[in-house]
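Spelled out from the first residue to the last, the chains are:
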Amino acid sequence: MLTLGDQSRHKGDPEASMAIFTKQLIHTRRPTTALMEPETSLIDTDAVSSLLTDHYGYGQWKIVFPGEVHLSEKVCEIFGVPYSPEPAPLEFLVDRYHPDDRGKLLQMIAAALQGTQGFHCVLRIRTADDEERVIESIGDLRIKDGRVTELFGLTRDVTKDMRREAFSISRNRLLQDIISAMPAPIAIYDEGLHLLECSNYWLKCHKLVDRADAVGKKMYDLFPGMPPALREENDRALAGDVIRTRRNFINPSTGTKMACQTIITRWMASEDNVGGLVILVGWHEFGVAAAAKKVEEVADFDGSLLDLLKEVS
């Protein structure tokens, strides 16, 4: 599989625009049905074709070798070109693709011919008004007398789906960045209690040095000595209870243990599906402890008033 892509749309900047969606682009092979014996079928191909076009936005296309391209009205609409019942040269189809993806299209066609395999791809195109879109295509071969005579398949515009996915990915990335930078001990677990994300403060509270040593691991592997009573609290939280308790944590500032108010609650992946647990530690208690320590230090001061003012300024 070849993967490329970014997912945001750029306007005005050709360099930025060329990178659009590249991580989401794919190019994969799939088995061909051309060499299979036909089976008795109850499928009405014309009706199915209409359903795919009307309800899922697919258009049909066909490449008759050595290079004659037939495009349906729907495919022409997707590419942003006028429909014509007359065939077009293969170069016409190739030129509709993003310059960076044309080579991938030709490689895919060549691989299909050489390996007698179908394909599935998600690549970028340029419409007639120079708008960048992303299309998904699936194709197969037609073989006659041992020779590939045609490539045929379906294509649809998936730009909106890609943007929706891009928004979801960027939103998750934002949440990860926010959580990791929060000045408070917080940890997010999935339903299987694998650590998804945590704050740097949480790592310090548990004397964990490297985030890579924690993220992805199961809670009970990170803390094998967790008592049964605390495990039961996690189970209750996953079932819907909000657990408020006090637990001992290491104060990152002093290295000493201190009891902190802790809240354990579940988060929902959807309306009906539990995503996992969120554990929040009363970080303000660390701040109160640090403030009290500073007050004690000032109370024990034995210097002049001027020195004291310098110390607190």
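See the structure shown above.
Quick look at the structure, then.

Basis of the calculations
Residues numbered from 1 in each chain as written. Predicted model: local features only at pLDDT ≥ 70, side-chain atom pairs only at ≥ 80, totals over all residues. Heavy atoms only, no water. Helix = DSSP H or I, 4+ residues; strand = E, 2+ residues; numbered from the N terminus. Buried < 20%, exposed > 50% of the residue type's maximum accessible area, 1.4 Å probe, protein only. Contact = heavy atoms within 4.5 Å. Areas by Shrake-Rupley, 256 points an atom, 1.4 Å probe, with all protein chains shown as cover. Patch = residues over 30% accessible without salt bridge, like charges linked within 9 Å, V, L, I, M, F, W, Y side chains within 5 Å. Salt bridge = Lys/Arg side-chain N within 4 Å of Asp/Glu carboxyl O. Phe/Tyr/Trp six-rings, centres within 6.5 Å; stacked < 30°, edge-to-face > 60°. Lys NZ or Arg CZ within 6 Å of the ring centre and 35° of its normal. Pairing = 2+ DSSP bridges. Axes fitted to C-alpha atoms, helices over the stretch in contact; angles between N-to-C directions. Expected span 1.5 Å × (residues − 1). Arc of directions from axis to C-beta. Core = buried A, V, L, I, M, F, W, Y, C linked by side-chain atoms within 4.5 Å.

A separate point is the overall build of the chain. Summing up its helical and strand segments, the chain has 11 helices and 12 strands in all. The burial tally for the chain puts 37% of its 313 residues in the buried class. Put simply, of all contacts in the chain between residues at least 6 apart along the chain, 46% involve residues at least 24 apart. Carbon together with sulfur atoms contributes 54% to the accessible area of the chain, which is approximately 18,800 Å² in total.

With an omega dihedral of 25°, the bond running from phenylalanine 65 to proline 66 counts as a cis peptide bond. Checked against the element boundaries, proline 66 lands in the loop between strand E2 (59-64) and strand E3 (68-71). The phi dihedral of aspartate 130 is positive, around 65°, even though this residue is not glycine. Position of aspartate 130 among the secondary structure elements: in the loop between strand E5 (118-126) and strand E6 (132-144). Unlike most non-glycine residues, aspartate 145 shows phi in positive territory, near 55°. Inspection of the secondary structure assignment puts aspartate 145 in the loop between E6 and strand E7 (147-157). Judged by its relative accessible area of 77%, aspartate 145 is exposed.

Taken together, the side chains of Leu174, Leu175 and Ile178 make up a nonpolar region of the molecular surface, amounting to roughly 280 Å² of accessible area. As for its placement among the helices and strands, isoleucine 178 is situated in helix H6 (residues 159-181).

In the structure shown here, the tally under the stated rule is 11 salt bridges. Taking the shortest distance from any N to any O, the salt bridge between glutamate 150 and arginine 142 comes out at 2.5 Å. Members of the salt-bridge network, linked through shared partners, are Asp101, Lys104 and Arg124.

Once that is clear, we can look at the packing of aromatic side chains. In total, this model carries three aromatic pairs according to the counting rule given. Seen from their ring centres, tryptophan 202 and phenylalanine 223 are 6.1 Å apart, and the 75° between their planes marks the pair as edge-to-face. Note that tryptophan 202 is positioned in helix H7 (residues 200-205) and phenylalanine 223 in the loop between helix H8 (219-222) and helix H9 (228-239), a separation of 21 residues in sequence. Grouping residues by exposure puts tryptophan 202 and phenylalanine 223 together as buried. The cationic tip of arginine 142 hangs over the ring face of phenylalanine 152; the distance from NZ or CZ to the ring centre is 4.5 Å.

With that out of the way, let us pick up the sheet that holds strand E12 (residues 274-281). Adjacent strands of a sheet pair through backbone hydrogen bonds, lying either parallel or antiparallel. Spatial strand order, E9-E8-E12-E11-E10: five strands in an open sheet with antiparallel pairing. The sheet is open, and its two edges are formed by strand E9 (195-198) and strand E10 (243-250), each paired on a single side. For this sheet, the mean angle separating the axes of adjacent strands, direction not counted, is 25°. When strand E8 (residues 186-190) meets E9, the two strands line up antiparallel, connected through three bridges. Each residue of the ladder has a partner; that of alanine 187, found in E9, is cysteine 198. On top of the sheet, H6 reaches E8 and E9; it is set at about 60° to E9, its chief contact. Sitting on the sheet, H9 is in contact with E10, strand E11 (257-268) and E12, with an inclination near 135° to E10.

We now examine the environment of methionine 226. Relative to the helices and strands, methionine 226 is located in the loop between H8 and H9. Excluding residues that lie within four positions of it along the chain, methionine 226 makes contacts with Met219, Tyr220, Arg231 and Asn234.

Since there are 3.6 residues in each turn of an α-helix, residues three or four apart along the chain are aligned in direction. Between its terminal C-alpha atoms H9 stretches 17 Å, which fits the 16 Å expected from 12 residues at 1.5 Å a residue. Within H9, burial applies to Glu233, Asn234, Ala237 and Leu238. When H9 is viewed along its axis, its buried side chains cluster within an angular range of 140° and face the same direction. In this structure, H9 carries Pro228 and Ala239 as exposed residues pointing more than 90 degrees from its buried face. For H9, the secondary structure elements touched by its buried residues are H8, E10, E11 and E12. Of the residues one or two after H9, glycine 240 is the one with positive phi, at around 125°.

Within a regular strand, side chains alternate between the sheet's two faces. In terms of burial, E12 is a largely internal element, seven of the eight residues being buried. The pairing of E8 with E12 spans five bridges and is classified as antiparallel. Bridge pairing in E12 places alanine 187 opposite isoleucine 279. Bridge count for E11 against E12 is seven bridges, and the pairing is antiparallel. Looking across to E12, one finds that threonine 262 is bridged to valine 281.

Ranked by size, the top nonpolar core spans 26 residues in total, and within it Ile63, Phe79, Leu93, Tyr97 and Leu151 carry the most contacts. The contact partners of tyrosine 97, leaving out residues within four places of it in the chain, are Phe79, Arg102, Leu105, Leu123, Arg124, Ile125, Arg126, Ile135 and Ser137. If you look at the next biggest cluster of nonpolar residues, it comprises 20 residues, including Leu195, Met219, Ile243 and Ile279.

Take it as geometry only, folks, not as evidence of what the structure does.
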